[in-house]
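Letter by letter, the chains look like this.
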Amino acid sequence: MNLLNLFIIALRSLNKNKIRSLLTMLGIIIGVASVIAMLAIGQGSRDSIENQISGLGSNVIMVFPGATFRGGVATAAGSAQSLEMDDLEAIRANCPSVKYLSPVARSGGQIIAGSNNWNSSIRGVYNEYLDIRNIEVESGSRFSEMDEKRASKVCIIGQTVAENLFDEYTDPVGQRIRINKIPFTVIGLLKEKGQGAMGEDQDDIIYAPFSTVQRRMRGARQNIQQIFISAVSEEKIELASEEIDELLRTRKNISMYEDPPFHIRTQTEIVEMFTSTSNTMIVLLAGIASISLIVGGIGIMNIMLVSVTERTREIGLRMAVGARSKDILRQFLLEALLLSLLGGLIGAAFGILSSKLFVAIMGWPITVSSYSVVLAFSFAFIVGVFFGWYPARKAAMLIPMDALRYE
Amino acid sequence: MKEQDQERKKIISVKNLSKIYDMGAVKVHALRGIEMDIHEGEFTAIMGHSGSGKSTLLNILGCLDVPTEGKYYLDDADVSHLDKNQLARMRNRKIGFVFQTYNLLPRTSALENVELPLLYNPEIRRKERKERAMNTLELVGLTDWSEHFPNQLSGGQQQRVAIARALVNDPVIMLADEPTGNLDTRTSFGVMEIFQELNRKGITIALVTHEMDISKFATRNILFRDGRISKEIIIKNIKNAGEELKKLPPEDEEME
Ligand SMILES: Nc1ncnc2c1ncn2[C@@H]1O[C@H](COP(=O)(O)OP(=O)(O)OP(=O)(O)O)[C@@H](O)[C@H]1O
Ligand SMILES: [Mg+2]
């Protein structure tokens with residue numbers, strides 16, 4: 001019997017038991033939908049993390065004080081004092097692969113402008129920081145060398161901060177504000193960056209000269225919370241990180257075999273770290289989804305076995321008028337396949353739809369990749385063949401006379 | 001009569017055919033050395049007590065079963081030792097089988113039921129299939145019922161659809177196992193009228209029946225007893241089913 005006729009027969013027999021067919025497909029529908037949705041969520045969060053990390057800036061290397069954590073336990077009695085201003089200058093002087101560098105001092109607090117007030121975080125940075133992180137100033141100016149030397153009370157504010165402190169008719173540049181009661185002059189307004197990948201507001205930030213924040217707001221402590229560095233090029237990131245590591249070890253008298261009281265993270269490393277964790281998550285989610293696909297497959301097998309038993313006389317008759325075992329096998333296999341593929345189709349539609357719904361309702365970042373649809377479909381196909389085979393074979397192995405006499 | 005036999009082609013030739021059902025503890029000898037020929041154009045009725053082996057023989061003749069011993073030639077080919085696929089092909093090309101219980105596919109139109117055997121013949125295209133099925137339905141007088149489902153047809157009509165299905169592949173022989181077993185006298189005669197018409201057109205028929213009335217419509221009767229042929233009768237004055245049908249009392253009288 002040719003394929004078209006087999007197809008018509010299979011389609012009809014599914015059509016005769018609509019509700020049953022639908023219920024049978026449900027397992028596959030749920031399986032495929034969840035594979036697609038989960039892969040979409042996984043892929044989406046991965047993409048957004050990658051985006052965010054690349055949003056860090058160009059060729060970024062970060063140096064933190066304190067020991068690297070291994071297995072949740074600090075391996076060296078980490079001192080938060082391990083990075084000093086001298087270290088910073090030494091890096092600038094001795095590491096040829098380093099282009100820009102800037103220490104970061106973090107603070108935060110209440111900002112008052114006239115009768116408006118707002119809470120935000122304040123970062124004390126060098127002018128170079130803006131280059132490392134590709135931060136652009138929309139209006140006004142950046143810091144001058146004098147600002148850093150004198151610890152001038154000047155700042156550059158983000159759009160959100162500006163919106164909350166000033167009305168739309170006021171140009172923030174040149175305005176006086178008070179940060180934790182200290183008077184500052186706004187010298188620049190940052191270009192809008194929008195929402196970060198994790199949903200945070202990247203415009204809710206204030207930058208001030210490093211020395212200003214370090215001395216005036218953090219109580220003149222000498223330690224540095226973080227150093228942002230950019231390598232001269234992407235290829236030099238690794239080299240720069242090695243240069244910094246070697247230099248800092250020498251300065252602090254720490255051999256290559258000891259754990260240093262600082263750690264260095266490159267942008268590439270961070271990307272790898274996040275993608276590997278999101279990879280594990282994807283594998284985990286896909287595992288769960290494939291279990292539901294297998295359960296769906298068992299459902300198909302179950303119904304196909306029932307169908308074979310119910311239609312034993314039909315099988316007997318088909319054989320009596322000339323159907324070979326092969327024809328019967330194909331007929332039932334195609335039916336199982338149609339069930340799983342149709343389920344796959346509906347499931348794919350549901351998966352894509354629910355992914356979109358997720359985006360709309362939860363605001364989660366989601367990417368439906370075509371490969372996940374292909375993957376889910378081929379999985380449904382394999383499930384159909386695998387679980388349809390046994391019932392189809394059972395049908396094909398029937399002896400015509402026995403099948404015809406079946407009560 | 002003998003001379004006439006030799007002129008006609010042998011459609012079926014059975015030599016020393018036996019069938020033993022091995023039931024483990026007991027062996028049932030359903031057929032014990034059957035010798036029988038069926039010639040082209042013959043209308044054979046097989047009679048006999050229940051359990052005498054009629055169905056067993058018919059199933060073997062219909063290539064639905066294989067003999068334990070002996071030879072079976074169908075249309076000059078030895079089919080006693082064919083494998084499953086070859087038997088399927090034989091059934092598809094050479095045999096038309098009519099069952100007591102019709103065995104139509106439920107929720108499938110009469111026309112599609114008739115088409116069924118042709119679906120398993122890749123040489124026949126869709127257009128020809130439809131045409132042949134329609135023509136065969138016409139032969140059994142069901143042109144107007146082609147789109148009806150079996151559950152919308154009477155028993156007699158269903159059996160006529162089954163006859164059309166058995167005819168559609170242009171078989172060398174039509175086999176029918178108690179085709180009127182489930183029908184009342186009037187409907188049975190109607191079905192027999194069709195068999196007789198087909199036989200007159202040259203179609204070879206062999207049927208199994210319990211009823212004497214029915215066997216008198218055939219050209220030849222074979223009597224079975226305990227797996228053997230006990231008697232063969234050539235019917236001299238063959239009854240005409242159409243005429244017998246007219247002789248039956250009108251339907252409403254029959255009701256009383
Ligand atoms: N599949 C089978 N397995 C075992 N024994 C069988 C089988 N089919 C038939 N028989 C036995 O073979 C013998 C002949 O059966 P068969 O059906 O050919 O009789 P029959 O003449 O058609 O009877 P009836 O008029 O009741 O239909 C019986 O004794 C029966 O029990
Ligand atoms: Mg019988």
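Predicted, not measured: the structure shown is a model, and the values here were computed from it. (Residues numbered from 1 in each chain as written. Chains lettered and ligands numbered in written order. Predicted model: local features only at pLDDT ≥ 70, side-chain atom pairs only at ≥ 80, totals over all residues. Heavy atoms only, no water.)

**Student:** Explanation requested: the overall build of chain A in the structure shown.
**Tutor:** Scanning chain A from N- to C-terminus turns up 13 helices and twelve strands. At 33 Å, chain A has a C-alpha radius of gyration far larger than the 22 Å of a compact globule built from 407 residues. Going through the 407 residues of chain A one by one, you find that 50% of them count as buried. In chain A, once contacts between residues fewer than 6 apart in sequence are set aside, the share between residues at least 24 apart is 79%. In the form shown here, chain A has an accessible surface area of approximately 19700 Å², with 59% of it arising from carbon and sulfur atoms. (Helix = DSSP H or I, 4+ residues; strand = E, 2+ residues; numbered from the N terminus. Rg over C-alpha atoms; globule rule 2.2 N^0.38 Å. Buried < 20%, exposed > 50% of the residue type's maximum accessible area, 1.4 Å probe, protein only. Contact = heavy atoms within 4.5 Å. Areas by Shrake-Rupley, 256 points an atom, 1.4 Å probe, with all protein chains shown as cover.)

**Student:** How do you make sense of the site of ligand 1 when you look at a structure like this?
**Tutor:** Neighbouring ligand 1 are 15 residues; B:S50, B:G51, B:K54, B:S55 and B:T56 lie closest to it. More than one chain approaches ligand 1, the contributing ones being chains A and B. B:S52 places a main-chain nitrogen or oxygen 3.3 Å from an oxygen atom of ligand 1. Between ligand 1 and B:K54 there is a distance of 2.7 Å, counted from an oxygen atom to a side-chain nitrogen or oxygen. Protein contacts shield 69% of the accessible area of ligand 1, which totals 630 Å² for the unbound molecule. Per element, the largest residue contribution to the shell around ligand 1 is three residues, and it comes from helix α2 (residues 54-61) of chain B. Looking at the shell around ligand 1 residue by residue, the class counts come to four nonpolar, eight polar and three charged. (Near = heavy atom within 4 Å. Polar contact = N/O pair within 3.5 Å; in protein donor to acceptor, adjacent residues only side chain to side chain. Nonpolar A, V, L, I, M, F, W, Y, C, P; charged D, E, K, R; others polar.)

**Student:** Is there a simple way to explain the side chain of A:Q159 in this structure?
**Tutor:** Residue and element names in this part refer to chain A. Along the polypeptide, Q159 turns up in helix α6 (residues 159-165). For Q159, a relative accessible area of 13% translates into the label buried. Reaching out from Q159, the side chain makes a polar contact with the side chain of E138 at a distance of 3.4 Å. If sequence neighbours within four positions are ignored, Q159 has contacts with E138, L189, L190, K191, E192 and D203.

**Student:** Got a minute to help me understand unusual backbone geometry in this structure?
**Tutor:** It is generally the case that most residues other than glycine have a negative phi and that most peptide bonds are trans. Positive phi is not limited to glycine here, since A:N180 has a value of about 45°. For A:N180, the position within the fold is in the loop between β8 (176-179) and β9 (182-190). For A:N180, a relative accessible area of 34% gives the class partly exposed. One non-glycine residue, B:E178, lies in positive phi territory at about 45°. Topologically, B:E178 is positioned in the loop between β7 (173-177) and α7 (185-200).

**Student:** Can you help me understand the domain arrangement of chain A in this one?
**Tutor:** Often, the extent of an interface is quoted as the loss of accessible area upon association of its parts. Along its sequence, chain A is carved into domain 1 (3-52 + 273-404) and domain 2 (99-225). Each of domain 1 of chain A and domain 2 of chain A has a C-alpha centre, and the two are 56 Å apart. (Domains from an automatic or database assignment.)

**Student:** Could you clarify how one ought to interpret the interface of chain A and chain B in this entry?
**Tutor:** Across the contact, 23 residues belong to chain A and 21 residues belong to chain B. Our count for the contact surface shared by chain A and chain B stands at one salt bridge. Between A:R12 and B:E112 there is a salt bridge, with the nearest N and O atoms lying 2.7 Å from each other. In this assembly, chain A and chain B are joined by eight residue pairs in polar contact (both at pLDDT 80 or more). When contributions to the side of chain A that touches chain B are tallied by element, the ones reaching two or more residues are α1 (3-16), α10 (312-320), α11 (325-362) and α13 (400-405) of chain A. Looking at the side of chain A that touches chain B element by element, the count peaks at six residues for α10(A). Here the side of chain A that touches chain B is composed, by residue class, of eleven nonpolar, four polar and eight charged. (Salt bridge = Lys/Arg side-chain N within 4 Å of Asp/Glu carboxyl O.)

**Student:** Please explain the pattern of salt bridges as it appears in this structure.
**Tutor:** Any two side chains of opposite charge can pair, given that their charged atoms come close. Per the counting criterion, the structure on display carries 28 salt bridges over all chains. For B:D22, the salt bridge goes to B:K27, with nearest N and O atoms at 3.8 Å. Linked by salt bridges that have partners in common, A:R311, A:E314, A:R318 and A:E335 make up one network.

**Student:** Help me understand the packing of aromatic side chains, please; the structure alone is not making it clear to me.
**Tutor:** One pair of aromatic rings is described through two measures. These are the centre distance and the angle between the planes. Residues and elements named next belong to chain A. What the rule picks out here adds up to seven aromatic pairs over all chains. Look at Y129 and Y207: their rings are 5.6 Å apart centre to centre, the planes differ by 50°, and that puts the pair in the tilted class. Taken together, the positions of Y129 in helix α4 (residues 127-132) and Y207 in strand β10 (residues 205-209) put the pair 78 residues apart, joining distant regions of the chain. Here the two residues Y129 and Y207 agree in accessibility, since each one is buried. Taken together, the aromatic side chains of Y129, Y207 and F228 make up a single cluster linked through ring pairs. (Phe/Tyr/Trp six-rings, centres within 6.5 Å; stacked < 30°, edge-to-face > 60°.)

**Student:** What is the right way to look at the environment of B:F217 in this model?
**Tutor:** Residues and elements named next belong to chain B. Locating F217 in the fold gives a position in the loop between α8 (212-215) and β9 (220-225). Overall, F217 belongs to the buried group, its relative accessible area being 2%. Taking the C-alpha atoms as reference points, F217 and I173, 44 residues apart in sequence, are found 17 Å from one another.

**Student:** Please clarify how the environment of B:Y72 should be interpreted in this entry.
**Tutor:** Residue and element names in this part refer to chain B. Secondary-structure assignment places Y72 in strand β4 (residues 69-74). On the accessibility criterion, Y72 (1% relative accessible area) is buried. A sequence separation of 57 residues divides Y72 from K15, and the C-alpha atoms of the two residues are 6.4 Å apart. Each residue touching Y72, except ones within four places of it in the same chain, is listed here: I12, S13, V14, L17, I60, L61, C63, A77, D78, V79 and S80.

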